[in-house]
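Overview (structure and organization)
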Amino acid sequence: MSNTTSSSTALPIAYATLRILIVVNWMTCALILALLFLIPNREWILSALDLSPSSDADRVVRGLRGVACVGLVMIPLYYIVLKRLLAIVETVRAGDPFVAANARRLQTIAWAMLGLQVLGFMMGAIADGISTREHPVDIDAGFSVGGWLAVLLTFLLARVFAEGARMREELEGTV
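Here goes a summary of the coordinates provided. (Residues numbered from 1 in each chain as written. Predicted model: local features only at pLDDT ≥ 70, side-chain atom pairs only at ≥ 80, totals over all residues. Heavy atoms only, no water.)

Let us look at the overall build of the protein chain. In terms of regular secondary structure, the protein chain is built from 5 helices and 0 strands. Reading the secondary structure of the protein chain in the N-to-C direction produces α-α-α-α-α. Rg of the C-alpha trace for the protein chain: 21 Å, well past the compact-globule value of 16 Å for 175 residues, more than 25% over. The dimensions of the protein chain, computed from C-alpha atoms along their principal axes, are 75 × 30 × 25 Å. Summed over its atoms, the accessible surface of the protein chain is roughly 10,900 Å², and 66% of this surface lies on carbon and sulfur atoms. Side-chain charges of the protein chain comprise 14 positive and 14 negative groups, with the mean position of each set lying 6 Å from the other. (Helix = DSSP H or I, 4+ residues; strand = E, 2+ residues; numbered from the N terminus. Rg over C-alpha atoms; globule rule 2.2 N^0.38 Å. Areas by Shrake-Rupley, 256 points an atom, 1.4 Å probe, with all protein chains shown as cover. Lys, Arg positive; Asp, Glu negative; His and termini not counted. Charge placed at Lys NZ, Arg CZ, Asp CG, Glu CD.)

Next up on the list: helix H5 (residues 145-174). When the terminal C-alpha atoms of H5 are compared, their 43 Å separation across 30 residues agrees well with the 44 Å that a helix rising 1.5 Å per residue should span. Buried within H5 we find Gly147, Val151, Thr154, Ala158, Phe161 and Ala165. Looking at the buried side of H5, the elements it contacts are helix H4 (100-130). (Expected span 1.5 Å × (residues − 1). Buried < 20%, exposed > 50% of the residue type's maximum accessible area, 1.4 Å probe, protein only. Contact = heavy atoms within 4.5 Å.)

You can see Thr154 is positioned in helix H5. With residues near it in sequence (within four places) discarded, Thr154 still touches Leu106, Ile109, Ala110 and Met113.

At their nearest, the axes of helix H3 (residues 55-93) and H4 sit 9 Å apart, and the two run at 165 degrees to each other. For the element pair H3 / H4, the angle class is roughly antiparallel. The element H3 and its partner H4 pack so that their crossing is left-handed. Its residues assigned to classes, the contact of H3 with H4 shows 23 nonpolar, 9 polar and 3 charged. (Axes fitted to C-alpha atoms, helices over the stretch in contact; angles between N-to-C directions. Parallel < 35°, antiparallel > 145°, perpendicular 65-115°, else oblique. Left-handed = near helix turned anticlockwise from the far one by under 90°. Nonpolar A, V, L, I, M, F, W, Y, C, P; charged D, E, K, R; others polar.)

Below, the discussion takes up the state of the cysteines. Under the definition given, this model contains 0 disulfides. For the unlinked cysteine Cys29, the closest cysteine sulfur is that of Cys69, found at 12 Å. According to the relative accessible area criterion, Cys69 is partly exposed, its value standing at 40%. (Disulfide = S-S within 2.5 Å.)

This next bit is on the side chain of Gln117. As for its placement among the helices and strands, Gln117 is situated in helix H4. For Gln117, a relative accessible area of 14% translates into the label buried. Not counting residues within four places of it along the chain, the set of residues in contact with Gln117 comprises Ser144, Gly147, Trp148 and Val151.

The subject of this paragraph is the nonpolar core. Val81, Leu106 and Ile109 are the most contacted members of the largest nonpolar core, which has 17 residues in total. Listed by contribution, the elements that provide at least two residues to this core are H3, H4 and H5. If you tally residues by element for this core, the top one is H4, at 8 residues. Among the nonpolar cores identified, the runner-up in size contains 9 residues, and Leu46, Ala127, Ile130 and Val137 belong to it. (Core = buried A, V, L, I, M, F, W, Y, C linked by side-chain atoms within 4.5 Å.)

Overall, the coordinates contain 4 salt bridges when judged by the stated rule. For Glu163, the salt bridge identified is with Arg159, shortest N-O distance 3.6 Å. Taken together, the residues span about one helical turn, with Glu163 and Arg159 both in helix H5 at a distance of 4 residues. For the salt bridge of Glu170 with Arg166, the shortest nitrogen-to-oxygen distance reads 2.3 Å. Linking Glu170 with Arg166, this pair stays in helix H5, spanning 4 residues, or about one helical turn. Assessed through its relative accessible area of 46%, Glu170 is described here as partly exposed. Overall, Arg166 belongs to the partly exposed group, its relative accessible area being 35%. Overlapping salt bridges, with partners in common, bring together Arg159, Glu163, Arg166 and Glu170 in one network. (Salt bridge = Lys/Arg side-chain N within 4 Å of Asp/Glu carboxyl O.)

In structure tokens:
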């Protein structure tokens, strides 16, 4: 299979996947808002988590609401990443990916990913702070080596794209 065939298959899949993830991101926002403001009352949460009323249980409920609030802050950051990736895919589909706009998009993605890593760490810290032996709270958040490497890689790619766009402009100016 040639590279042309595989890339022509990968781009529509990437485009469709990103469009779906944007919708899922907003659905997640609606779900978190519902969990924060529509559905929960203290008794419902205690029952859903099988907690008996106590100050410990109240601390767990407050902490979980804090985790949900951090999750809400993450929604626009994910949106920024997804929309910029979608724009990059569109430039690749057009056959012109090494442009200054993509370098800026990657830089923005890197900053958003940095924010997501910090918020994930906050979310993990909240979960660790409210978790007890009687009421363990285990969420998949906290420090992520892979996440921090992805942030560094994205900053690096932004710089590579910026340099590639600059070199391309210089080359076009000399021809």
